[in-house]
Amino acid sequence: MRQTLVAGNWKMNGSREGNRHLLDAIKAGMDDGVSAEVVVCPPAIYIPQTARRLDGSGISWGGQDLSQHESGAYTGEISAAMLLDYQCKYVIIGHSERRSLHAETDAQVAEKFLAAQKAGLTPILCVGELLEEREAGETEAVVARQLDAVIAAAGIQAVAGGVIAYEPVWAIGTGKTASPQQAQDVHAFIRQRLAAQDANVAEKVQILYGGSVKPDNAAELFAMTDIDGGLIGGASLDAESFLAICRAV
Ligand code: 13P
């Protein structure tokens, strides 16, 4: 049985003052019926604050991105070692906003996955199709392409140590969630594609759903066979909503 994982992606939101309240409220709510593994991914500048406030809480934290390079002349970038310096356990890789706004390619995403894995971070690899790709019947082809790039670079065994997040781009921040069945179909496709190479890896890997997950739709999504948790954007910025989603497991 795979443990359910609920990860909050704050994106570019938060403030020192606001984070203090949010992190303390999440921490305080953990004893109350939360059995999922919980991860918070704040903007990089707030990772030290998050590490300090969540230390010893049982909640993990992670980065929203990292550089594929170890160190050097890469102004503005953050390395895997820097994330580890602040006890990050996870890092989100290839989020659709990185792919679309920062032109990250499948190959770059694969390099980042590898860099994270080599350093001992657990990568949360995001995959997902645009609305026009879904409408053109290309969902599986797009997800397969994004997944295969990582498998080609890192190897199928490396995927077992990571987490995959299916985030249909049309559902991100739009309030339009994939139906539980739509999400389940793609999750099952991902698992089958992995199983074709290694059944054990396919069985072990956690596949999260992301895209307008809210307290009132989380339980039915998490109840699907191949949905092992969620990657939560907007609803992770409010302690009550985030905790309600964590409890929906
Ligand atoms: P929303 O939950 O705001 O739709 O964002 C999903 C997401 O992109 C999480 O990484």
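Computed from a predicted structure; not experimentally measured.

1. What to know about the overall build of the protein chain
So, point 1. Tallying secondary structure elements over the protein chain gives twelve helices and eight strands in all.
So, point 2. Scaling as 2.2 N^0.38, a compact globule of 249 residues should have a C-alpha radius of gyration of about 18 Å, and the protein chain matches this with 17 Å.
So, point 3. Expressed along its principal axes, the backbone C-alpha trace of the protein chain runs to roughly 45 × 45 × 35 Å.
So, point 4. Considering the protein chain as a whole, with its 249 residues, one finds that 54% of them fall into the buried category.
So, point 5. Of the contacts made within the protein chain by residues no fewer than 6 positions apart, 73% connect residues no fewer than 24 positions apart.
So, point 6. Of the roughly 10,900 Å² that the protein chain leaves accessible, carbon and sulfur atoms contribute 50%.
So, point 7. Charge-centre separation for the protein chain: the mean point of 20 positive side chains lies 5 Å from the mean point of 31 negative side chains.

2. Remarks on the site of the ligand
So, point 1. Near the ligand, the surroundings consist of N9, K11, H95, E167, A171, I172, G173, G211, S212, L231, G233 and G234.
So, point 2. Between the ligand and G233, the relevant distance is 2.9 Å, taken from an oxygen atom to a main-chain nitrogen or oxygen of the residue.
So, point 3. Bound to the protein, the ligand loses 97% of the 300 Å² it would expose on its own.
So, point 4. For the shell around the ligand, the class distribution of residues is three nonpolar, seven polar and two charged.

3. A word on the layout of surface pockets
So, point 1. Roughly 520 Å³ of volume is contained in the largest pocket.
So, point 2. Ranked by residues supplied to the lining of the largest pocket, first place goes to helix α4 (residues 96-101) with three residues.
So, point 3. In the lining of the largest pocket, the residues fall into nine nonpolar, seven polar and five charged.
So, point 4. Reported here for the second largest pocket is a volume of approximately 220 Å³.
So, point 5. Contributing to the lining of the second largest pocket are 19 residues, with R99, G128, L130, Q146 and V169 lying nearest its centre.

4. Structural notes on unusual backbone geometry
So, point 1. Residues other than glycine seldom take positive phi values, yet K11 does so here, at roughly 55°.
So, point 2. Of note, K11 is situated in the loop between β1 (5-9) and α1 (16-29).
So, point 3. If you check the backbone angles, Q87 has positive phi at about 60° while not being a glycine.

5. Some details on the side chain of E167
So, point 1. Turning to its location among the elements, E167 is positioned in the loop between β6 (163-166) and α9 (180-195).
So, point 2. Notably, E167 is buried but unbridged: the nearest opposite-charge side chain belongs to K11, and the N-O separation is 6.0 Å.
So, point 3. The residues contacting E167, other than those within four sequence positions of it, are H95, C126, V127, G128, E129, I172, G210, G211 and L231.

6. Some details on α1
So, point 1. The terminal C-alpha atoms of α1, which comprises 14 residues, lie 20 Å apart, in line with the 20 Å expected from a rise of 1.5 Å per residue.
So, point 2. All of the buried residues in α1 are N19, L22, L23, I26 and G29. Angularly, the buried residues of α1 cover 135° about the axis, an arc narrow enough to put them on a single face.
So, point 3. Of the surrounding elements, those touching the buried residues of α1 are β2 (37-41), α2 (47-54) and α12 (239-247).

7. Overview of the pairing of strand β4 (residues 90-93)
Both faces of the sheet carry side chains from a regular strand, because those side chains alternate between them.
So, point 1. Side chains Y90 and I92 of β4 all project onto a buried face; the interleaved residues V91 and I93 project onto the opposite face, where all are buried too.
So, point 2. Across two bridges, the pairing between strand β3 (residues 60-63) and β4 is parallel. Counterpart to G63 in the pairing with β4 is V91.
So, point 3. Considered for its hand, the β-α-β crossover made up of β3, helix α3 (residues 80-85) and β4 is right-handed.
So, point 4. Sheet topology note: the β4/strand β5 (residues 122-127) ladder contains four bridges and is parallel. Following the sheet pairing, I92 is matched in β5 by I124.

8. Description of helix α7 (residues 139-154)
So, point 1. Look at α7: 23 Å from first C-alpha to last across 16 residues, which is about the 22 Å you get at 1.5 Å a residue.
So, point 2. Those residues of α7 not exposed but buried are T139, V142, V143, A144, Q146, L147, V150 and I151.
So, point 3. G155, located one to two residues past α7, shows a positive phi value of around 90°.

9. As for the nonpolar core
So, point 1. Of all hydrophobic cores here, the largest spans 66 residues; its most connected members are I164, I190, L194 and Y209.
So, point 2. Apart from the residues lying within four places of it in its own chain, the contact partners of I190 are V127, V143, L147, I164, Y166 and I207.
So, point 3. Ranked by size, the runner-up nonpolar core spans twelve residues in total, among them I92, C126, A165 and L231.

Conventions we followed
Residues numbered from 1 in each chain as written. Predicted model: local features only at pLDDT ≥ 70, side-chain atom pairs only at ≥ 80, totals over all residues. Heavy atoms only, no water. Helix = DSSP H or I, 4+ residues; strand = E, 2+ residues; numbered from the N terminus. Rg over C-alpha atoms; globule rule 2.2 N^0.38 Å. Buried < 20%, exposed > 50% of the residue type's maximum accessible area, 1.4 Å probe, protein only. Contact = heavy atoms within 4.5 Å. Areas by Shrake-Rupley, 256 points an atom, 1.4 Å probe, with all protein chains shown as cover. Lys, Arg positive; Asp, Glu negative; His and termini not counted. Charge placed at Lys NZ, Arg CZ, Asp CG, Glu CD. Near = heavy atom within 4 Å. Polar contact = N/O pair within 3.5 Å; in protein donor to acceptor, adjacent residues only side chain to side chain. Nonpolar A, V, L, I, M, F, W, Y, C, P; charged D, E, K, R; others polar. 1 Å grid on protein atoms, 1.4 Å probe; cavity = no way out; pocket = protein on both sides within 12 Å on 5 of 7 lines; lining within 4 Å. Points joined across faces, edges and corners; volume = space filled by probe spheres on them. Salt bridge = Lys/Arg side-chain N within 4 Å of Asp/Glu carboxyl O. Expected span 1.5 Å × (residues − 1). Arc of directions from axis to C-beta. Pairing = 2+ DSSP bridges. Right-handed = clockwise from strand over helix to strand, strands pointing away. Core = buried A, V, L, I, M, F, W, Y, C linked by side-chain atoms within 4.5 Å.

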